[in-house]
Amino acid sequence: MKFKLHLQIMAAIVTLAIAVTHGVLYAQTPAAASLGQWSGVDPWPVYGVHLTLMPDGNVLAWDSTNNGFGGATNKTILWNPVSNSKTELNSNASLQGEELFCAPHTQLPDGKVFTVTGTVGVADNTTHIFDNQSNQWSLHQSMNTGRYYPSSTLLANGNILVTGGSYPIDADTPEIFESGTWRSLSSAKIPFALPKGFIDNTSYFPWTQLAPNGKIFYVGPESSMRYIDTNGAGSITTVGERDGIFRDYGSYAMYSTGKFLVAGGGPAPKSTYAIDINGNQPVVSRTGDLTYGRRQQNLTILADGQVLVTGGNSNPNGKDGQPGSQFDLNTAVYAGEIWNPATGQWKTVASMAKPRQYHSTALLLPDGRVVVAGGVCGPCGATGHNEQNAEVFSPPYLFNLDGTPAARPTISSAPDAIGYGQFFTVTSPQAASITKGHLIKLGAVTHATNFDQRLVPLSFTQSGTTLNVTAPANANLAPPGYYMLFLVNSAGVPSVSKIIQVGGNPSPVTPPNVQVPLYSRQSIQSLNFSSHYVGETNSLGYIKQVNVSSSAVDKNSTTFKVVPGLANQQCISFESVNVAGKFLRHQGYRLRGRQE
């Protein structure tokens, strides 16, 4: 009863917040139902260069942490979107002078925030963690390679992949943080093209996400689409072209399972593309055009599954050293636009008050609103591009046709945590009106790139006030961590979300304690017959006689790559050399080779 009452009170507070935002009463007009509504401009103690939604619903924000680059404040804060309180944290001292400006960041499965690099224009190999329990930063294990403007990506096992950031040195080789150390993917070097300058650089902030097939999909900013296999030394495969445009400082969003939206960047084109990777090959489709071409904008997945674009400029000359590369106030875009995945069309919505370009951010909040913050470039000479403030957008789905707040479905109860493939129940007085439910991963955004956001659709059945929901099948579909659970009714109105943990906390594990070197090629020799080895033919295991004169096929069939155990990484598994992804297993008292 206390939990239900808490959610009802929260919903009431959010409804009030739509009409009274940051202490300013707004007129409720019919236009809000079509265009949405922006709050007033709210001063912040920091520039919103980096934003992360935390498991408790607060937003972690910081700009610089040491050198005050570009006039930054050297502060870290927590912002409460419901009360609008901002708490300055005494946490930067623990960094002991380390800089976290322009630092990509990813939320770990337990809610901590993992950042890499941060020193401007330097090949920086430092990493850091923000502990959401102690609200403190700490220095973490350094990477193998120094980088500037890389990306960080959460993997299915809770490890972190880092890609890109080749300035001023070559950092095209990805690496993974696992078991307390960094492992370079020496055979998966990404073939970034030129330019690789300080401002325009093809290796900056790669658009990488875990794909349903367990590999990492690279969807941009370059036009070449690629899969990265993170096993062993790794491998990389180019799987087609997207649109022929280098979309640096553009944005992407994984708006459904295996589906991406790409917009903006490069020469500020109006064209946008949807990419579906659920088949054998990516399918690229040109979707609706933007009303305003954009660069330095942000894409944000909304609570109803649509996608919002905010900010940027429409200068087509976004090249190194040219106006528009980082900012152009003369072509600043103030109007938002919303993309509907069902129709592929964009709709122009209300305009914000401030220009949001370089070093600006946008983040979906648990109540379905979107905070847009920052925009600063002091060293660039950007007069007027100095936004130490934020605005909050209430999308049209929060309003009735007359502009009054829409009645929202409520979540009376839902679990705090779910496992993969689990059946769980959600109760709602409006269950009969719910037409869809989904999970949206808590966002982590900087430099037009949200490293974490993805929408995961949920299937469910309804009985009375209960929804019987099926959790995502595996971690490839929903990497472990915290997500917002939204219910959407037949009118397209979303609930206030319930933040839940998916997949638990994968514990860091140490490499197997064996003498066999990991990721090496080995054969298993019979003790009784020295010329016989364990092998696999047509998915069945055999003891096979093999010698120096045997064919390459026979030799490879008795050769395996040693990898950390699939079921228990304290053990080892044997991967086929002939068929990647096929492992030596036993089934029905028979040794077999099976695809995993």
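Figured I'd write up the structure that's included with this text. On a predicted model such as this, the values are computed, not experimentally measured, just so you know.

## Details of the overall build of the protein chain
Here comes step 1: In terms of helices and strands, the protein chain carries three helices and 47 strands.
Here comes step 2: For the protein chain, buried positions account for 57% of its 596 residues.
Here comes step 3: The contacts of the protein chain with a sequence gap of at least 6 include a subset with a gap of at least 24, amounting to 57%.
Here comes step 4: On the protein chain, roughly 22,500 Å² of surface is accessible, and the fraction owed to carbon and sulfur atoms is 52%.

## Examining the sheet that holds strand 13 (residues 151-154)
Here comes step 1: The antiparallel open sheet is built from four strands, whose spatial order is 13-14-15-16. Each edge of the sheet is formed by a strand with only one pairing partner; in this case those strands are strand 13 and strand 16 (181-184). Mean inter-strand twist for the sheet, computed between neighbouring axes without regard to direction, equals 25°.
Here comes step 2: In this sheet, strand 14 (residues 160-163) lies alongside strand 13 in antiparallel orientation, the contact comprising four bridges. Its bridge partner lying in strand 14, Ser-151 is registered against Thr-163.

## Some details on unusual backbone geometry
Here comes step 1: Cis geometry is found at the peptide bond from Leu-194 to Pro-195, where omega equals 10°.
Here comes step 2: Structurally, Pro-195 is set in the loop between strand 16 and strand 17 (207-210).
Here comes step 3: Cis geometry is adopted by the peptide bond preceding Pro-221, which originates at Gly-220 and carries an omega value of 5°.
Here comes step 4: Assignment of secondary structure puts Pro-221 in the loop between strand 18 (216-220) and strand 19 (224-229).
Here comes step 5: We note that Gln-296 has phi near 65°; this positive angle belongs to a residue other than glycine.
Here comes step 6: For Gln-296, a relative accessible area of 2% gives the class buried.

## Some words on the environment of Ala-32
Here comes step 1: Within the element layout of this structure, Ala-32 appears in helix 2 (residues 31-35).
Here comes step 2: Assessed through its relative accessible area of 2%, Ala-32 is described here as buried.
Here comes step 3: Taking C-alpha positions, Ala-32 is 8.4 Å from Thr-404, a pair spaced 372 residues apart along the chain.
Here comes step 4: Not counting residues up to four positions away in its chain, the partners in contact with Ala-32 are Gln-37, Pro-396 and Phe-399.

The rules behind these values
- Residues numbered from 1 in each chain as written.
- Predicted model: local features only at pLDDT ≥ 70, side-chain atom pairs only at ≥ 80, totals over all residues.
- Heavy atoms only, no water.
- Helix = DSSP H or I, 4+ residues; strand = E, 2+ residues; numbered from the N terminus.
- Buried < 20%, exposed > 50% of the residue type's maximum accessible area, 1.4 Å probe, protein only.
- Contact = heavy atoms within 4.5 Å.
- Areas by Shrake-Rupley, 256 points an atom, 1.4 Å probe, with all protein chains shown as cover.
- Pairing = 2+ DSSP bridges.
- Axes fitted to C-alpha atoms, helices over the stretch in contact; angles between N-to-C directions.

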